[in-house]
Amino acid sequence: AGPPPAAGGPAAPQGRAAPGMYSHTQLSGVEAFTRAPQPQQPQMDPRVERFLQEEFQVNAPAHFCRSTTSRVPSSAGIAAKCAVPYGFIFQPLAPVPEGWPEVPTVNCGSVGTVVRCAKCRTYMNPFVVWEANGRRWVCNLCGAPNETPSAYYSNLDEQGRRMDRHERAELHTGAVEFIATGEYMVRPPQPPVFMFLIDVSYSAVNSGYLDSVAHAIKEVLSDGSLPGDTRTKVGIMTFDNAVHFYNLAAGKSQAQMLVVADLEDLFLPLPDDILVNMVDTDRNVNEVVLSLLDSLPNMFRGTKVNESCLGSALKGAHTAMKHIGGKVMVFSALLPTLGESPLKPSREVQRMMNTERESELLRPTHKEGEGYVAMAAEMTRVQVGVELFLAPHTYIDSPSLAVLAKNTGGDVWYYPQFHPQTLGEKLLKDVQHVLNREMGWEAVMRVRVSRGWKITQHFGHFFVRGKDLLCLPNCHADQTVGCAVELDPEGGAPDALVTVQCALLYTNSTGERRIRVHTFCAPSTQNVAEVVGGVDPQACSWLLQQIALEQSLNAKVADGRSYLHQQCQKIVAILNAGGADNVQTLPLYIMGLLKSVALRSSNDVTFDARSCAWTRLGSLSVASCAAYLYPRMFALHAMEPDCGHPDADGRIKLPQTSNLTKDQMTADGVYLLEDGETIMMWIGGQVNPAFLASVFGVSSLDQLDVNAAEQSIGATGDQLSTAVANILATVRAERTIWMRLHILPQQHPQEARFFQSLVEDRTLGMQLTYQEFLQRMGYRAAQPAAAAPPQMQRGY
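Along each chain, the written sequence defines residue order, and numbers are assigned to residues from 1. Two thresholds apply to this predicted model, a pLDDT of at least 70 for residue-level local features and 80 or more for giving and counting side-chain atom pairs, whereas whole-chain, interface and lining totals are computed over all residues. Excluding hydrogens and water, the side-chain values take into account all heavy atoms of the structure.

Caption draft 1: Structural view of the sheet that holds strand β5 (residues 129-131). Here, a strand pair is defined by DSSP locating no fewer than two bridges between the strands. Helix and strand labels come from DSSP, where a helix needs a run of H or I of at least four residues and a strand needs a run of E of at least two; each type is numbered from the N terminus. Across the sheet, which stays open at both edges, the 3 strands sit in the order β5-β6-β7 with antiparallel pairing between neighbours. Either end of the sheet is taken by a strand with one partner, and the two such strands are β5 and β7 (145-147). The average angle at which neighbouring strand axes cross in this sheet is 30°, direction not considered. The sheet contact formed by β5 and strand β6 (residues 136-138) spans 3 bridges and is antiparallel. Looking at the pairing, Trp130 lines up with Trp137 of β6. Structural elements are reduced to axes, namely lines fitted to C-alpha atoms, with helices fitted over the stretch in contact, and the angle between N-to-C directions of any two is expressed from 0 to 180 degrees.

Caption draft 2: How the structure looks around the packing of aromatic side chains. Each Phe, Tyr or Trp ring, with Trp reduced to its six-membered ring, pairs with another whose centre is within 6.5 Å; inter-plane angles below 30 degrees give stacked pairs, above 60 give edge-to-face pairs, and intermediate values give tilted ones. Summed over the entire model, instances satisfying the criterion amount to 13 aromatic pairs. Note on Tyr209 and Phe418: the rings are 5.1 Å apart at their centroids and 70° apart in plane angle, and the pair reads as edge-to-face. With a gap of 209 residues between them, Tyr209 in helix α5 (residues 209-222) and Phe418 in the loop between β16 (412-414) and α10 (420-436) connect regions that are remote in the sequence. With a 1.4 Å probe rolled over the protein chains alone, any residue whose accessible area is under 20% of its type maximum counts as buried; one over 50% counts as exposed, and the rest are partly exposed. Overall, Tyr209 belongs to the buried group, its relative accessible area being 1%. Residue classification places Phe418 among the buried positions, given a relative accessible area of 1%. Ring centres of Phe389 and Trp413 lie 6.1 Å apart, and the angle between their planes is 10°; on these two criteria the pair is classed as stacked.

Caption draft 3: Looking closely at a nonpolar patch on the surface. Excluding any residue in a salt bridge, patches collect residues exceeding 30% relative accessible area, merging like charges within 9 Å and nonpolar Val, Leu, Ile, Met, Phe, Trp and Tyr side chains within 5 Å. Accessibility throughout is a Shrake-Rupley quantity obtained with a 1.4 Å probe, and a residue counts as covered only by protein chains that appear here. For this analysis, a salt bridge means a side-chain nitrogen from Lys or Arg found within 4 Å of a carboxyl oxygen belonging to Asp or Glu. A surface patch of nonpolar side chains, about 250 Å² in accessible area, is lined by Met257, Val259 and Met299. By secondary structure assignment, the location of Met257 is in strand β12 (residues 256-260). Given the relative accessible area of 34%, Met257 is considered partly exposed.

Caption draft 4: View of the packing of helix α9 (residues 398-406) against helix α15 (residues 607-617). Their axes nearest at 9 Å, the elements α9 and α15 cross at an angle of 20°. If you check the angle between α9 and α15, you find them roughly parallel. Both α9 and α15 take part in a crossing whose hand is right-handed. Packed against α9, whose contacting residues are Ser398, Pro399, Ala402 and Lys406, the element α15 presents Phe607, Asp608, Ser611, Cys612 and Thr615 at the interface. Of the residues belonging to the contact of α9 with α15, the class tally is 4 nonpolar, 3 polar and 2 charged. Convention used here: angles under 35 degrees read as roughly parallel, angles over 145 as roughly antiparallel, angles from 65 to 115 as roughly perpendicular, and any remaining angle as oblique. In this scheme, a crossing is called left-handed if the near helix is turned counterclockwise away from the far one by less than a right angle; it is called right-handed if the turn is clockwise. We call two residues contacting when some pair of their heavy atoms lies within 4.5 Å. Under the grouping applied here, Gly and all other residues not named as nonpolar or charged are polar, the nonpolar ones being Ala, Val, Leu, Ile, Met, Phe, Trp, Tyr, Cys and Pro and the charged ones Asp, Glu, Lys and Arg.

Caption draft 5: Main features of the nonpolar core. Counting residues in hydrophobic clusters, the biggest one holds 101 residues, and the most contacted among them are Met445, Leu564, Phe754 and Phe773. Once residues lying within four places of it in the same chain are set aside, the contact partners of Phe773 are His565, Cys568, Pro587, Ile590, Met591, Leu594, Met766 and Leu768. Core analysis: the next-biggest nonpolar cluster, separate from the first, contains 46 residues, Val285, Val288, Phe300 and Val431 among them. Only buried residues count toward a nonpolar core, which is a set of Ala, Val, Leu, Ile, Met, Phe, Trp, Tyr and Cys residues joined through side-chain atoms within 4.5 Å.

Caption draft 6: Local environment of the environment of Gly560. Relative to the assigned elements, Gly560 resides in helix α13 (residues 557-576). Separated by 15 residues in the primary sequence, Gly560 and Gln545 have C-alpha atoms spaced 8.8 Å apart. Aside from chain neighbours lying at most four places away, what touches Gly560 is Ala548, Gln551 and Ser552.

Structure representation (structure tokens):
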């Protein structure tokens, strides 16, 4: 059972979904869901009965795969009544949470090949059906029979299961990693390669961005945390109105810069010495590279050039890397107006924001086969991924640039109005995270679903080759890919057990070709209540968000909002009929998205900010997306005495979360709010001076320096200060990326940003409270009750 309903409406979200949450067994309140009688269930299929006994042992765990519902409809008629989208979200290389086993490795060397279905190429998994005493197996996706290789044969037990199933990981768990055989390689596995492409224009230098970028890269290269082994290569290029290559060849005490100013006929001046091996001690490369990073800020300190030829610089990086592949780390502070694929500052027309034509400026300037769209396709072809770090003080046309990251498996990191004091540490932590997380190279991915169903859309950052092959030159632990599915009228009757399988073929950073396979199975049902009772609201909100953003981009932003309103009305209709508890949080997530930078109907959002929000949401995990839509807020001034201190297991206890409404706040309160991207601490004007003295070492708000205050947290020697520092560290550790802390005393110029996150109140762009929004969606409240918001479960 979850928390009680929020005042006048459904409950706040349930935090992170643990494996098994929203399972077929959790149907509290479902019996009353519909007043119409449900069809009588046929006798249960023996395979389904066995699956239900072993579901959480054999299915891919929730940190790798989330389904929008744990029970799927068996017919189009049932699907239409359920009002939720159907789909699956995969995070193939996700970090394994504490307490969970690592993904087992399967070596098929003794068999000679990875065992797969000859017809549909599904990988061996726990849900195949064995026949003929193990000499034949039937694919659980397409139904085709397959002969068992003699080296893979095993007898069956009295229940038709292989006797050796517990000795072979692929037969008893849904998450495995096969060591790829030679047939999966078209060339020797590529090494990790990183090209740092750095803006040295006046804007980058004057804002301190160049200094911060050079420092961040040097930190990672110096501490030896770059992935890979002795094969790892790095290169450095800079650009302004020309492209600068650097000779890192042997025998040189410092790097030699070579300038290519002819942007129309760009050439590679140093074919062999642009990419070098950092651990080549004989060539003293490490010292040369680090010395260059130290020198870069001073080399361009006096520049007056305030132009950018990013497109030409990317072309140069492509030329240097096309024989090997790798990742380009782009650091840009200025709109590229010179050279290859120039962009125009006149494209920004802020008055078009929140109009019918808004989406025109949220699409790339270039069409298919042109400019950065064509460049991204070519980068993908040669296995080069692009990561964008944008730090503009003026318009940079992120919709046009973002396609470079989206189509090559990268991300966009956005630092508007960059200043080292406010965003320098954030940049450093993000660069460290991007370079240190688990990575895969020259990857392709395919999602398959069992007969009777079809995949209608894919979501995420990748390039689609052919019909359904997702190309990811560089994949990583944060990579999240989703797909929407629907019943296929031409695919025949769906099986009693519906299976989806995600297979990622990639090269790891140590040069091994691997196939990460996640298989997830869900029973089908004719009972509407069981489908709704199995809904995972976080997975549903992720899929709804992707569909809405896709409609906003391809048509109009208003169409995306309209889609969300229509879906919310359907969900509210289920609630009015007494629907399951777990769908109650969906309207709140939807309202959070409608009030966010991504979709809110207001003129205060720039095109760059909205585009970067869309790009960011397109790559967030399910858990991170849920936090973005409904943040957590803690009342630090009123927390229990044991909060912020370790329990018997050494874990820091967090305070209870508060509803996101100012009705829960007081003028003497101190509130910590985090959304997975940033942390804000609001301090009321009537705060107890004892709290300030304990936590910050000051006696009044007037003495508090908000830019330096974080350094005092945990350093005053007071237990309360230590507790707040522990809470802050724990919240950061629970999220994927490092979050900057914004300390906002009451009346601070930026405190409006804090109150904009209180999504249950009236906010800019939507002057509706949560209860008013529900009423507009058609909700009929039974009996208002106060509620506690969700608690986050560790590891999800």
